[in-house]
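Chain by chain, the residues run as shown.
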Amino acid sequence: ISIGESAFEGDLTLREAGLPNSISRLNKNTFKGCISLGTVKLPEDLRYVETGVFSGCTSLTTIELPLNTTRVSEEAFEDCVNLIYIVAPDRCSYTFNGDEFINATYFKYAPKGSGVEITYARPGRNIHELIIPKTIAGKPVVSIGDNAFAPENSARAAAYSEEKSGLVSVVIPDTATSIGNGAF
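All values derive from a computational prediction rather than experimental measurement. (Residues numbered from 1 in each chain as written. Predicted model: local features only at pLDDT ≥ 70, side-chain atom pairs only at ≥ 80, totals over all residues. Heavy atoms only, no water.)

Student: I'd like to hear about the overall build of the chain, residue by residue, with values.
Tutor: Helix and strand counts for the chain stand at one helix and 15 strands. Long-range contacts, defined as pairs at least 24 residues apart, comprise 38% of the intrachain contacts of the chain with a sequence gap of at least 6. Carbon and sulfur atoms form 48% of the exposed surface of the chain, whose accessible area is close to 8,800 Å². (Helix = DSSP H or I, 4+ residues; strand = E, 2+ residues; numbered from the N terminus. Contact = heavy atoms within 4.5 Å. Areas by Shrake-Rupley, 256 points an atom, 1.4 Å probe, with all protein chains shown as cover.)

In structure tokens form, the structure reads like this:
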């Protein structure tokens, strides 16, 4: 089941959206230009987020993609200038644009015991203090994985190093009980 293309596009009064768990796809421009949209509860069965779904949603500060999400279009969050966190499951295909989201951090996560492990973290280049969330997808962050803050591949190493050069401190939640090898 999906929500139709441009279903809520341009709705200036929409402040929050809670979608039923049966929704598996958000089609192109679903919430585009909903400048008052500050809170979105995404359905557990969500698999795909298409181009422009949250484009221009300037009140959004956090996006948590559910564990079943496998693909997010690169332009899904275009012009979401106030995003602080984008959180996606480890198996989700999404390319974080650190040039566009200079004030946001992108996290990937995977289930670990009764909580979650951060498997990847990429702070935007203007982040000086990174506060790792205490919970992701309603579960406590219990671990920071091996190489979580390392670049994805050696070709990006120099650019990544330059981007994270503004990072001065990382605040780890008290729920985290382990930090992997080479995490930082």
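Student: Which residues make up the nonpolar core, and what values do they have?
Tutor: In this structure, Leu26, Phe31, Leu37, Leu42, Phe54, Phe77 and Leu83 are the most contacted members of the largest nonpolar core, which totals 32 residues. In this structure Leu26 touches Ile3, Leu19, Leu42, Leu46, Tyr48, Val49, Glu50, Val53 and Phe54, once residues within four positions along its chain are discounted. (Core = buried A, V, L, I, M, F, W, Y, C linked by side-chain atoms within 4.5 Å. Buried < 20%, exposed > 50% of the residue type's maximum accessible area, 1.4 Å probe, protein only.)

Student: Give me the lowdown on the packing of aromatic side chains, citing residues and values where you can.
Tutor: Throughout the structure, instances matching the rule amount to six aromatic pairs. Each ring, one from Phe8 and one from Phe31, has its centre 5.2 Å from the other, and the planes form 5°; the classification is stacked. In this pair, Phe8 sits in the loop between β1 (2–3) and β2 (16–18) while Phe31 sits in the loop between β3 (25–26) and β4 (39–41), placing the two residues 23 residues apart along the sequence. The class of Phe8 is partly exposed, set by a relative accessible area of 31%. Centroid distance Tyr106 to Tyr120: 6.0 Å. Interplanar angle 70°. Geometry classified as edge-to-face. Here Tyr120 lies in strand β10 (residues 115–123) and Tyr106 lies in strand β9 (residues 105–112), a separation of 14 residues in the sequence. The same class applies to Tyr106 and to Tyr120, which are both buried. Clustering of aromatic rings is evident, with ring pairs tying together Phe8, Phe31, Phe54 and Phe77. (Phe/Tyr/Trp six-rings, centres within 6.5 Å; stacked < 30°, edge-to-face > 60°.)

Student: Quick rundown of the sheet that holds β3? Include the residues and the values.
Tutor: Within the open sheet, the four strands sit side by side as β1-β3-β5-β7. Their pairing is parallel. Of all the strands in the sheet, just β1 and β7 (71–72) have a single pairing partner and so form its edges. (Pairing = 2+ DSSP bridges.)

Student: Describe in detail the pattern of salt bridges, supporting the description with residues and values.
Tutor: Within this structure, the stated rule accounts for four salt bridges. Glu50 is the partner of Arg71 in a salt bridge, and the nearest nitrogen-oxygen pair spans 3.1 Å. With Arg71 in strand β7 and Glu50 in the loop between β5 (48–49) and β6 (62–64), this pair connects stretches of sequence that are 21 residues apart. Given the relative accessible area of 33%, Arg71 is considered partly exposed. Residue classification places Glu50 among the buried positions, given a relative accessible area of 14%. With a shortest N-O distance of 3.1 Å, Lys134 and Asp174 are connected by a salt bridge. Taken together, the residues Lys134 in the loop between β11 (129–131) and β12 (135–136) and Asp174 in the loop between β14 (169–171) and β15 (178–179) connect sequence positions 40 residues apart. When salt bridges that share partners are traced, they join Arg25, Glu50 and Arg71 into one network. (Salt bridge = Lys/Arg side-chain N within 4 Å of Asp/Glu carboxyl O.)

Keep in mind these values describe shape, not function.
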